[in-house]
Amino acid sequence: MLPAFPLSSIKAYNNNFITLINLVYLIYLINFHEEPPKRYSLNDSETSSEEDSLNDFSKYNINKKTQNECKIKCVNSFPNHVSDVIIASELFLDILKRFPGENECQILFQVSENQSIRLFSNSEFSLYSVIFPNNIPIEMCYQISCYIFDHLKFKRIFLLATVFQWSVSSPVSLLRTTLSSLDINNNNYPFLRPPALLSGMEASILSLCEQRNMDAVAIIASSHGPSAHLKITSDVAEHVAYLLDEFFAKGKLDLKVKLQDYNANTKKRTDILTMYL
């Protein structure tokens, strides 16, 4: 039979054991525990872990913004005293080349190593067209659009744009800014209505025109295909040519007929690639 210990002795033993454990832990903290290195901001003040997280997040956003921004280089100047100008993607080049006279091309801005904003000028007809690439990244559209408007001066803009064909009932639609003074009385081409909407460079350009109180009219062609490889049919292209002829020459240039002849000749030659079918 085990000897019995007094209850008071057991309590004293437990208290001494707990005191010993606390003493050992205190010695460990004094001799072995190291404080984490302090973090300092640019003004030598300590920062908390929350501030560090915010700083890291800000640095990430700055780096991401820097990567998305493109360095635009001005190559040639835009002519002075220009009244009307056409702004369009390369998709509409075949239509614009049907205007009478020779078209001279020069680079206005270099957007990247392989991409540039070009100016097509027709001295005989005093026509100027600013042409941008089809595949400009969406995050660069606003910056490039602002650069165009900050460096080019003109009174009225004719924007050639596209919209997916499933969202419209007409081959070509129209859209204009609030301050547009152009008289449009053509029941064959309705104004663009929701849910149809513009995107990319075309949306950015027309939005800036509205924000800056500019006179702008958009001729919007129904298109199909992926966004990086949009296509418009030859019939739709002929409607666009007809409207340009009406706006610029009251229908006297026969642009639609010239485009029809061009399309007929192009289909006979397999070595020519066009931007529309």
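Residues numbered from 1 in each chain as written. Predicted model: local features only at pLDDT ≥ 70, side-chain atom pairs only at ≥ 80, totals over all residues. Heavy atoms only, no water.

Enquirer: Got a sec to walk through the confidence of the model for the chain? Specific residues and values, please.
Expert: Considering every residue of the chain, the mean pLDDT works out to 78; 70% of them sit at 70 or more. When pLDDT is averaged over each helix and strand of the chain, the minimum, 46, is found for helix H2 (residues 49-68) and the maximum, 95, for helix H5 (residues 200-211). In this model, residues 36-51 is a region of pLDDT below 50 whose contacts with residues beyond four sequence positions or in other chains number 11 contacts. Every residue in residues 268-277 scores below 50 in pLDDT, and together they form 26 contacts with partners more than four places removed in sequence or on other chains. (pLDDT = per-residue confidence, 0-100. Helix = DSSP H or I, 4+ residues; strand = E, 2+ residues; numbered from the N terminus. Contact = heavy atoms within 4.5 Å.)

Enquirer: Could you give an account of the packing of helix H4 (residues 141-151) against H5, with specific residues and numbers?
Expert: Contact pair H4 / H5: the axes reach a minimum separation of 9 Å and the direction vectors enclose 45 degrees. Overall, the two elements H4 and H5 adopt an arrangement that is oblique. Note on packing geometry: the crossing formed by H4 with H5 is right-handed. Only Gly-200, Met-201, Ser-204, Ile-205, Leu-208 and Cys-209 of H5 make contact with H4, whose side of the interface consists of Cys-141, Tyr-142, Ile-144, Ser-145, Cys-146, Ile-148 and Phe-149. Looking at the contact of H4 with H5 residue by residue, the classes come out as 10 nonpolar, 3 polar and no charged. (Axes fitted to C-alpha atoms, helices over the stretch in contact; angles between N-to-C directions. Parallel < 35°, antiparallel > 145°, perpendicular 65-115°, else oblique. Left-handed = near helix turned anticlockwise from the far one by under 90°. Nonpolar A, V, L, I, M, F, W, Y, C, P; charged D, E, K, R; others polar.)

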